[in-house]
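Chain by chain, the residues run as shown.
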Amino acid sequence: MANTPLNEKEAILTFEDKKYDLKSLPKEVQELIKGMQVADAQLRMHEDTLKVLAVGRQHLAMQLKSKLESINPIK
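The paragraphs below set out a description of the structure included in this document. (Residues numbered from 1 in each chain as written. Predicted model: local features only at pLDDT ≥ 70, side-chain atom pairs only at ≥ 80, totals over all residues. Heavy atoms only, no water.)

### Here we look at the overall build of the protein chain
Move 1: Counting its regular elements, the protein chain contains one helix and three strands.
Move 2: The linear arrangement of helices and strands in the protein chain, starting from the amino end, is β-β-β-α.
Move 3: When burial is assessed residue by residue, the protein chain has 9% of its 75 residues classed as buried.
Move 4: In the protein chain, once contacts between residues fewer than 6 apart in sequence are set aside, the share between residues at least 24 apart is 12%. (Helix = DSSP H or I, 4+ residues; strand = E, 2+ residues; numbered from the N terminus. Buried < 20%, exposed > 50% of the residue type's maximum accessible area, 1.4 Å probe, protein only. Contact = heavy atoms within 4.5 Å.)

Here's what the structure looks like:
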């Protein structure tokens, strides 16, 4: 879903390769669009959080590896 407002006068919704005048859509459809925009923003936020967690986990693994180098493993 891409909402590509060109300026304040012309708000265009592009959905499944079709364009719609955002202001002329029924209120219910406009609310659905707002809901999708919120969902998109939340997805981006959580994707960024996952990236940060992955980097943190990788750093912890490097630290663990470093600490375990001086410890003999069991056989």
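### Thoughts on unusual backbone geometry
Move 1: Here the phi dihedral of E16 falls at roughly 50°; this positive angle occurs in a residue that is not glycine.
Move 2: Note that E16 resides in the loop between β2 (12-15) and β3 (18-21).
Move 3: On the accessibility criterion, E16 (64% relative accessible area) is exposed.
Move 4: Unlike most non-glycine residues, D17 shows phi in positive territory, near 65°.
Move 5: Within the fold, D17 resides in the loop between β2 and β3.
Move 6: Judged by its relative accessible area of 79%, D17 is exposed.

### Overview of the pattern of salt bridges
Move 1: As enumerated under the stated definition, the model contains one salt bridge in all.
Move 2: The shortest N-O distance in the salt bridge between K34 and E31 comes to 3.7 Å. Taken together, the residues K34 and E31, both in helix α1 (residues 27-68) and three residues apart, mark about one turn of the helix. (Salt bridge = Lys/Arg side-chain N within 4 Å of Asp/Glu carboxyl O.)

The analysis is restricted to geometry; functional conclusions fall outside its scope.
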